[in-house]
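Architecture at a glance
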Amino acid sequence: MRFAESANSQTASIYPSTSSRTRVRRAKTRRALFAAACVAGLGRGSVAKADATWSGLGGNQLWSTAGNWTGGIPTGTNNVIFGTSGAGTTLLVNNIVDATQTIFSLKYNAGLSNTTQV
């Protein structure tokens, strides 16, 4: 290992000497990796979220019953919706969150009488 010497001093540097081409290549590599990480991170927020709409047709009031949902049991990528927009009638929706649940968003449409038990 060679040690670079300072022009103003007779003491040896503790850092090994590297060529300017090596430093430039490393800098370009770091910039390219940083740019790739930034681009990869941009896509996360733009993914369309699927809707899971409460139908209540599963025979009980449990969130864990697939038949109670149009679009399947909600997950962390779902917009959970209660009531249909523009229905014009008051809907009575009672439901029970009976398991650990992570969702993307929760929406109660107008004209809805709702009780969600957590």
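Keep in mind the model is a prediction, meaning the values are calculated, not measured.

About the cut-offs
- Residues numbered from 1 in each chain as written.
- Predicted model: local features only at pLDDT ≥ 70, side-chain atom pairs only at ≥ 80, totals over all residues.
- Heavy atoms only, no water.
- Helix = DSSP H or I, 4+ residues; strand = E, 2+ residues; numbered from the N terminus.
- Contact = heavy atoms within 4.5 Å.
- Areas by Shrake-Rupley, 256 points an atom, 1.4 Å probe, with all protein chains shown as cover.
- Core = buried A, V, L, I, M, F, W, Y, C linked by side-chain atoms within 4.5 Å.
- Buried < 20%, exposed > 50% of the residue type's maximum accessible area, 1.4 Å probe, protein only.
- pLDDT = per-residue confidence, 0-100.
- Phe/Tyr/Trp six-rings, centres within 6.5 Å; stacked < 30°, edge-to-face > 60°.

1. What to know about the overall build of the protein chain
A count of helical and extended segments in the protein chain gives 1 helix and 8 strands. Order of helices (α) and strands (β) in the protein chain, N terminus to C terminus: β-β-α-β-β-β-β-β-β. Long-range contacts, defined as pairs at least 24 residues apart, comprise 44% of the intrachain contacts of the protein chain with a sequence gap of at least 6. When the accessible area of the protein chain is evaluated, it comes to approximately 8,600 Å², of which 57% is carbon and sulfur surface.

2. Thoughts on the nonpolar core
By size, the foremost hydrophobic cluster in this structure holds 9 residues: Ala-52, Trp-54, Trp-63, Trp-69, Val-80, Phe-82, Val-93, Val-97 and Leu-112. For this core, the secondary-structure elements that each account for two or more residues are β3 (50-54) and β5 (78-82). Apart from residues lying up to four places away in sequence, Val-93 is in contact with Trp-54, Phe-82, Leu-112, Ser-113, Asn-114 and Thr-115.

3. Considering the environment of Ile-73
By the element assignment, Ile-73 lies in the loop between β4 (69-70) and β5. Setting aside residues no more than four positions away along its own chain, Ile-73 makes contact with Trp-63, Ser-64, Thr-65, Ala-66, Asn-78 and Gln-101.

4. Here we look at the confidence of the model for the protein chain
Mean pLDDT over the protein chain stands at 74; residues scoring 70 or higher make up 68%. For the protein chain, the element scoring lowest by mean pLDDT is strand β1 (residues 3-5), at 50; β4 scores highest, at 90.

5. Observations concerning the packing of aromatic side chains
Enumeration over the complete set of coordinates arrives at 6 aromatic pairs. Pairing Trp-54 with Trp-69 gives two aromatic rings, centres 5.0 Å apart and planes at 85°, and the pair type is edge-to-face. Residue Trp-54 is located in strand β3, and its partner Trp-69 is located in strand β4; the two are separated by 15 residues in the primary sequence. Neither residue differs from the other here; Trp-54 and Trp-69 are each classed as buried.

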